[in-house]
Amino acid sequence: MDGAAVEARPGEMLIAACERSGTYIPRFCYHSRMSPVGMCRMCLVEVDTGRGFGLQPSCMVPVSEGMKVSTDSEASKKAQDGVLEFLLINHPLDCPVCDKGGECPLQDQTMAYGPGETRFVEEKRHFPKPIAISETVFLDRERCILCDRCTRFADEVAGDALIHFMGRGNHTEVNTFTDEPFASYFSGNTVQICPVGALTAAPYRFKARPWDLTETLSTAWVDSLGSRVAVQASRNRVLRVLGADADAVNWGWLSDKERFGFEALNSAERLSAPMLRDAVDGDNREFRQAGWGEALEAVAGALRATSPERVAVLGGARLTNEAQYMWAKLAKGVVGTDNVDAQLGDGLDPHLVLGLPRATIEDACRPGGTVLLVGPDPKEELPTLYLRLRHAIVNDGVKLVEVTPHATGLSHLAEHSLRPSPGTTARLVAELVDAATGSGPSGDDSEIEAAARSLREAGEGVVVVLGRMSLAEPADVGDAAARELSRLPSARFLPALRRGNLMGALEAGLAPGLVPGRMQLEDVGDGASLAESWPRLPDSLGLDATSVLRAAARGDIDVLVLLGSDPLNDFVDRDLAYRGLRGAACVVAVDLFVNDSASLAAGVVLAAAGPTECDGTFTNVEGRVSIMSRKVTPPGTARADWMIAADLCERLEPGSTSGLDSPQAIRAELAQISQAHAPITEDALTQNPMEGVLLAGTGATGEAGGWRRSGRPTMGRSPVGRTEPATGPAGREDPLEELPEDGFLLITTRTMYDDGMMLRHCPSSRGLAPAATARINPADTDRIDIDVSTAVRVVSDFGHIEATLATDSGVPAGSLRVDWLAPGAPANALIAAATDVTVVSVEAR
Amino acid sequence: MGAPSATGGYLAPLPDRSAGAGYLQHAPGYVLNDGPKLITGRFVHEDSFTLERSVATGGYEGLRAALEMTPAAVHDEVRAATLLGRGGAGFPAGVKWGFLPPGKRPYYLVVNGDESEPGTYKDRLLMERDPHQLIEGCLIACYALGLQQCFLYVRGEMALAQERIAAALNDAYEAGYVGREICGSDFSVDIVMAWGAGAYIVGEETALIESLEGRRGMPRLKPPYFPAAVGLYGQPTIVNNVETLSNLPWLMVNGSEAYKGHGSESSPGTRMFAVSGHLRRPGVYEVEHGVTTFRELIYGDNFCRGIRDGNELKMFIPGGGSAPWFFEDHLDLPLEARPVGAAGSMLGSGAIVIMDDTTDAVRAAWRVVKFFARESCGKCTPCREGTTWLEQILRRILDGEGRPSDIDLLLDIGDNISPGPYPVAAHDGAEAVPFPPRQTTICPLGPSAVAPVVSTIRRFRHEYEAKITRRDPIPIEVVPVGAAR
Amino acid sequence: MTLSPANEALAAEIIGWFPRPRSALIPLLHLAQAQDGYLTDEAMRRVGELVGATPAEVKGTAGFYEMFRFEPVGTYLVNVCTNISCLLWGGEELLEHACESLDVEVGGTTDDGMFTVEEAECVAACTEAPCLQVNYRYRGRVSPADFDRLIEDLRAGRTSIAGHGVLAQVRQSIPADRLAGVVPPEQAREAPVWLARNEAGASG
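Residues numbered from 1 in each chain as written. Chains lettered and ligands numbered in written order. Predicted model: local features only at pLDDT ≥ 70, side-chain atom pairs only at ≥ 80, totals over all residues. Heavy atoms only, no water.

Some points on the side chain of B:H330
Residues and elements named next belong to chain B.
In step 1: Within the secondary structure layout, H330 lies in the loop between strand 9 (313-317) and helix 12 (337-342).
In step 2: Under the relative-accessibility criterion, H330 is labelled buried at 7%.
In step 3: Non-local contacts of H330, meaning those with residues more than four positions away in its chain, are made with F294, F316, A343, A425, A426 and R459. (Helix = DSSP H or I, 4+ residues; strand = E, 2+ residues; numbered from the N terminus. Buried < 20%, exposed > 50% of the residue type's maximum accessible area, 1.4 Å probe, protein only. Contact = heavy atoms within 4.5 Å.)

Overview of the interface of chain B and chain C
In step 1: Contacts between the two partners involve 112 residues from chain B, matched on the other side by 79 residues from chain C.
In step 2: Where chain B abuts chain C, roughly 7,700 Å² becomes buried across the two surfaces, and 55% of that area is made up of carbon and sulfur atoms.
In step 3: Counting every contact that joins chain B to chain C gives eight salt bridges.
In step 4: The salt bridge involving B:K370 is made with C:E119; its shortest N-O contact spans 2.9 Å.
In step 5: Here chain B is connected to chain C by 48 residue pairs in polar contact (both at pLDDT 80 or more).
In step 6: Considering each element in turn, the side of chain B that touches chain C owes the most residues, ten residues, to helix 7 (residues 159-174) of chain B.
In step 7: Among the residues making up the side of chain B that touches chain C, the classes are represented as 61 nonpolar, 29 polar and 22 charged. (Buried area = accessible area lost by both parts, 1.4 Å probe. Salt bridge = Lys/Arg side-chain N within 4 Å of Asp/Glu carboxyl O. Polar contact = N/O pair within 3.5 Å; in protein donor to acceptor, adjacent residues only side chain to side chain. Nonpolar A, V, L, I, M, F, W, Y, C, P; charged D, E, K, R; others polar.)

Side note on the domain arrangement of chain B
All names here are of chain B.
In step 1: Segmenting chain B into domains produces domain 1 (38-260), domain 2 (270-356) and domain 3 (361-467).
In step 2: Using C-alpha coordinates to define each centre, domain 1 is positioned 34 Å away from domain 3.
In step 3: If you look at the interface, domain 1 gives twelve residues, while domain 3 gives eight residues.
In step 4: With both chains or domains summed, domain 1 and domain 3 bury close to 850 Å², and 78% of this area falls on carbon and sulfur atoms.
In step 5: Remark: the boundary between domain 1 and domain 3 carries zero salt bridges.
In step 6: The interface formed by domain 1 and domain 3 holds two residue pairs in polar contact (both at pLDDT 80 or more) in total.
In step 7: Of the residues assigned to the side of domain 1 that touches domain 3, the class counts are seven nonpolar, two polar and three charged. (Domains from an automatic or database assignment.)

Remarks on the nonpolar core
In step 1: B:L139, B:F187, B:F294 and C:F18 are the most contacted members of the largest nonpolar core, which has 236 residues in total.
In step 2: The element best represented in this core is helix 6 (residues 131-145) of chain B, accounting for ten residues.
In step 3: Excluding residues that lie within four positions of it along the chain, B:L139 makes contacts with B:Y60, B:L63, B:Y177, B:V178, B:I182, B:F187, B:V189 and B:I191.
In step 4: Membership of the second largest hydrophobic core comes to 205 residues, among which are A:F262, A:L265, A:V524 and A:W642. (Core = buried A, V, L, I, M, F, W, Y, C linked by side-chain atoms within 4.5 Å.)

Description of empty space enclosed by the protein
Residue and element names in this part refer to chain A.
In step 1: Roughly 840 Å³ of internal volume is contained in the largest cavity.
In step 2: Forming the boundary of the largest cavity are 45 residues, of which V222, R499, G500, D570 and M758 lie nearest the centre.
In step 3: Residue assignment for the lining of the largest cavity shows that the elements contributing at least two residues are helix 11 (378-381), helix 19 (567-570) and helix 25 (757-760).
In step 4: Per-element tally for the lining of the largest cavity: the top contributor is helix 25, with three residues.
In step 5: Across the lining of the largest cavity, the residue classes tally to 21 nonpolar, twelve polar and twelve charged.
In step 6: If you add up the space inside the second largest cavity, you get close to 100 Å³. (1 Å grid on protein atoms, 1.4 Å probe; cavity = no way out; pocket = protein on both sides within 12 Å on 5 of 7 lines; lining within 4 Å. Points joined across faces, edges and corners; volume = space filled by probe spheres on them.)

Side note on the pattern of salt bridges
In step 1: Counted under the stated rule, the structure contains 106 salt bridges over all chains.
In step 2: Salt bridges here are not isolated pairs; linked through shared partners, they connect A:R168, B:R367, B:K370, B:R374, B:E375, C:E66, C:E119 and C:E121.

Points about the interface of chain A and chain C
By a widespread convention, an interface's size corresponds to the accessible area lost as its parts come together.
In step 1: On the chain C side, the residues contacting the twelve residues of chain A number 14 residues.
In step 2: Buried surface at the junction of chain A and chain C, both sides included, amounts to about 1,100 Å², of which 57% is carbon and sulfur.
In step 3: Three residues, A:H164, A:R168 and A:F177, lead the burial of chain A against chain C; their summed loss comes to 50% of the area buried on that side.
In step 4: Run the count over chain A and chain C and you get six residue pairs in polar contact (both at pLDDT 80 or more).

As for a negative patch on the surface
In step 1: A surface patch of like charges, here negative, comprises B:E52, B:D171, B:E174 and C:D177.
In step 2: Checked against the element boundaries, C:D177 lands in the loop between helix 7 (144-155) and helix 8 (196-203).
In step 3: Look at C:D177 and you get exposed, because its relative accessible area is 56%. (Patch = residues over 30% accessible without salt bridge, like charges linked within 9 Å, V, L, I, M, F, W, Y side chains within 5 Å. Areas by Shrake-Rupley, 256 points an atom, 1.4 Å probe, with all protein chains shown as cover. Lys, Arg positive; Asp, Glu negative; His and termini not counted. Charge placed at Lys NZ, Arg CZ, Asp CG, Glu CD.)

Section: helix 13 (residues 425-437) of chain A
Residue and element names in this part refer to chain A.
In step 1: Look at helix 13: 18 Å from first C-alpha to last across 13 residues, which is about the 18 Å you get at 1.5 Å a residue.
In step 2: Residues of helix 13 that are buried: T425, A426, L428, V429, A430, L432, V433, A435 and A436.
In step 3: Buried residues along helix 13 sit against strand 16 (370-374), strand 17 (399-403), strand 18 (416-418), helix 14 (447-457) and helix 15 (475-485).
In step 4: G438 occupies a position one or two residues after helix 13 and carries a positive phi of about 75°. (Expected span 1.5 Å × (residues − 1).)

Overview of helix 15 of chain A
An α-helical turn contains 3.6 residues, so any two residues separated by three or four positions project in the same direction.
Residues and elements named next belong to chain A.
In step 1: Burial analysis of helix 15 places nine of its eleven residues in the buried class, which makes it a mostly covered element.
In step 2: For helix 15, every residue scored as buried is listed here: V477, G478, D479, A480, A481, A482, R483, E484 and L485.
In step 3: On its buried side, helix 15 packs onto helix 9 (350-355), strand 16, helix 13, strand 19 (463-466) and strand 20 (492-495).

Things to note about the confidence of the model for chain A
In step 1: Per-residue pLDDT for chain A averages 91, and the proportion of residues at 70 or more is 94%.
In step 2: Confidence drops under a pLDDT of 50 for residues 698-731 of chain A, and excluding neighbours within four residues, the segment shows 74 contacts in the predicted structure. (pLDDT = per-residue confidence, 0-100.)

As for the packing of helix 14 (residues 381-398) of chain B against helix 16 (residues 445-467) of chain B
Residues and elements named next belong to chain B.
In step 1: Interhelical geometry of helix 14 versus helix 16 gives an angle of 20° and a closest axis separation of 11 Å. Overall, the two elements helix 14 and helix 16 adopt an arrangement that is roughly parallel. Between helix 14 and helix 16 the crossing geometry is left-handed. Facing helix 14, whose interface residues are C383, T387, L390, L394, I397 and L398, helix 16 presents L445, G446, A449, V453, Y464 and K467.
In step 2: When its residues are assigned to classes, the contact of helix 14 with helix 16 shows nine nonpolar, two polar and one charged. (Axes fitted to C-alpha atoms, helices over the stretch in contact; angles between N-to-C directions. Parallel < 35°, antiparallel > 145°, perpendicular 65-115°, else oblique. Left-handed = near helix turned anticlockwise from the far one by under 90°.)

A look at the sheet that holds strand 28 (residues 693-694) of chain A
Residues and elements named next belong to chain A.
In step 1: Read from one edge to the other, the open sheet built from three strands follows the order 26-27-28, with strand pairing classed as antiparallel. Looking at strand neighbours, the two that pair on one side only are strand 26 (616-619) and strand 28, the edges of this open sheet.
In step 2: Direction of pairing for strand 27 (residues 624-628) relative to strand 28: antiparallel, over a ladder of two bridges. Paired with R624 across the bridge in strand 28 is L694.
In step 3: Lying on the sheet, helix 8 (residues 321-335) is in contact with strand 26 and strand 27; it crosses strand 26 at an angle near 90°. (Pairing = 2+ DSSP bridges.)

Here's what the structure looks like:
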């Protein structure tokens, strides 16, 4: 290259090889995460492969041995200048009012190399100025240079080819179909990769100039995948979140929820100070603002006045690892209660999550591998994992077998899709595993057998993406399925956990029976370092979320802490959540907003700092620990969650948190008492801030898991072992056979957009939650005498919601699917925690 | 011939031109002259497109001859005949066929019937007048190469050709010439007609493949997308022109030796040339390849019989709208790819457009540039923006709004689309720059738009200058920042 | 409108001839345009469903090709060629005459919805310049007087050209028992049987 010898990887494109060796070739259409198209011609350089120099697009020419490249020859420069001029002739000169100004590759190129004046005296191409191509994305076709990045992204990466080139030649434009907006969960990525200001997103339009922004690397908080992000702020306000290109995680992509979710943090409704009220009913039910001392003393007083087993903490996934540890210490080590659960009856058995051999995203996407999805739709719940899996299936020959209650965003790419009807999941999984391991009937041509064949043929072992499927199925169904799946030879697991830093919460011991470091409470010995830093330990095993709420409903809980949780909307049984909240003597909410549960029952509300407002770390579903960075200060006097816990500890047990005055100090104590956390050193975190630290015992390090089929732990003195299945998977009859004539088995799963608290406060996403819809299989329309598209009431023994009836061939016959938290139609109103299978009927209204 | 029938295709019979002897009423444009007729032999029959006429006049005999041979022997015969591709590039078909990589099956045959190069029409006549000959050619190619599926892509605007091919395919399927177990043998192939919808660029083979995959017909970069390596559905694909394949039946019946008995040694056989413009007898002629000269074709009694009204030749396009232009000095070049290329142009698609001395060179150049600007697919920046810019400047000059700097600007824009010396005929003592042009684009469409500009500016710069009104740029007063006013 | 039952059947047949359904996109769009005279949104949606493309992909693909229309055009689409060969014989003047005599701009449609006049690129009838197409049927060496007569004939119904959208009036149709068989490429990896003749020929 330019006379110097440069080494390149086999098959590497010239443009990438040159960049690695320090020569940046200008480009507009090339993007390292998408297939090259060679459209913009900006990256033309002179290449000689033995037949003399000729101009070649460096984004489409793979490097070959002995190739000579001249990136700065007269011919290369002339060609690049020519392209730049061509791009500029029809490009408007509205840089001063363009959001991209200051960070615009076209502007930068022009400033650096462009001609001083124009030779173009003709009229420029005109289009009506920006058109909204979706709720959040605006398109200015005059600025567009037709690089095909957004359209390629929509088609290749997201699989939502809803924007496309229209017209031809000089009249080509990007657009949507008539009245069919670019309603993609990933639309914001197109704004980020647009090399000019053609695509802009509503939350950032005209908000700031790039040179006024400061930026910090952090981790997305809205789901458990932990996509890496750059948080950008100006004047103490977060204005933009961009995807950061972490090889191991999100490749620079984000879902719109991750990207635009920061809007909620800027909401005027954010809690800026603690609030108290004397009663939750009657005349005194209005909250009043309080000082921190008063509020914390109120909580401490309530805690002092009761006994540990009458205290419970629900939630914690919103918190950083450090805050989670402090809350675990407060609850278990200071108060002494084990009634702590970060999940809300909607997740997996924490012992399983921590114990199963874990896979990384990279493992799941390894070319030629096989992925078994037993869980929710990744497109809805783990959107960047969806993008990675989709890429792996489409481009790298990864095979997907899915066992899901209804069709997912990946179904059309799956080799096999099995649809267990509600209540039969575990049995179906058992049959599948039997067939795959040869321990069951085989040789028939059933779908199960075909899917099992794929699993048998999986070379290096199957990666199971395991999660809780329909929330209308009881938790132990998923757990039983998981136990069956662990019989697959060398299977590894990527848990599809719900909600932000849930993995961190489980690792920190925010679950009944656990203490930090994947340790069982009952196994903590006297000599353990935990025992030294914690004043005490719970006397007995605690309750999970369901049992906590039941106990609270009975009046057996005096202090119920909602640690960023909203049981009324998130717990599987709305009625039980209501009774539990009302039954607890004192409900304390630690949150960013007054959510519905707090509004119903909280006496004390503690204003917490948001994810861009405090430092700390995040643990994703792989066990990858990455930093979360404070970029702005919290509103008012809102405090970081760890500070709140530390303060309460000190009030209850002076000296219990001495020295724990920063996230770093908390990390150090955690690493000291937990072998699992030991690798999280400050050095390790700063060494590779993009990829983070992958905790030992997870797949990528080769030594798979702290859990063995023998049940022998390999990590820690006494980490989590295998727990036996509560009920045999085949124990349950097929509920379809007992279905009443007009009855349906309820399926409910989460969607990306819903009526959740954070989304309610995101102006650009608020309207995106789909209206309540009851979906049934087209074959079932004969069973009810109601027309499709009419308003109906979905009724169970426990409650009802209102929705519009629709057909969906992705819903198995006999089932009815509603979204988990559609506005005004919470599906948990239909479900009782004690019931295995929820039967509903549909009535016209 | 009264009112055209629904399937007649022509709206009225053509009036005979004064020098019209040789025109066939039922094959408008085709001129039956003296000389060997390898591929248009059946045109004299009004019903040449029917299976009955085809079979009665030796149709499918070439296929039967091929079926008697091994596939490899058929391929050898084509290779031995040095049958050159007739689409424009002139690459030997037998060699092209040999590029199919072993073991990467399936292979596909795609027939390029998307003829739309300005000035060109011979494939249309071959499709309309003798579809069975084309089908037979496809079958021979598929047999030789072991292809089980062939797509016959016909230009969208050619309704009659589509009709005739559809009818011929239906009859051929029915009669056992196409489909399962052809002529009772173990050879089976499906031929499916696909059609375009109005996009010149789809005539480019990789764009045609894109179109056949149901996408926008935008060319792919070669490499890696050489169709013979990575073509339709990513599989090795042979893309052959209609005329090329139409040669195969005659070749299989008469053999490669007989084939080489026509034309020149390096360019055997015959070629069809559409000769249009200011001529006394414009028409489509089947001409012996490589031996006839432009002069003969334009002035010869057996061909076009000279320029209309006794006018002088001003310039001519020797190979379709994409070719740099020729002049009087090039009349004695043979109709053969190599010498034409060396002289600075190309024989291309067999389209020769004659312009007499009444022609406005700037206007003629503008019209061809306008075509390319309209047909640019929009993929590559230099072509998408550059062709339109060229067209806008030329139109401005024609409108009397030209500026003195425009001529250099035109040439520099041309240089940014097609860098370096542009192919051009020798003139004023300067040597010819041989074909092809270099390009900053994926396909040659952009550079093609430069051809008329460079050709005419080199030869007729004075015509440009005469049109450009002397207008100096408006001076702009530059006031330094902070200067007192 | 969406596709008629007859066209649905035709569409299914056409899709069956291609190794990948998407290849049938342009043929199916022609089918839709023949049905309605232009491409309706409903038809594009339906065609997309049939070949596995989003409506945006269908429209974006269709819009690349000039023959596809998203708005109704006249019953007769008159394409006057003005490209180089026709230019030399008065193509531009013919186009001008056509617009004047029909009282429309280039691209416009007469008030009665009968005629749309467009400027066409080379339609491959260059020796018959100036030439035009009416619904893609040729007319060569057209004088202004010829043009006016042609319009009169069309108005009077003295010709039998089908309305805009209809191209070939004979469709390809392959009897099921004659079809050699169309499969996706990944199911056609084997060399066809007749190639065995090469070995037989070589050894014998």
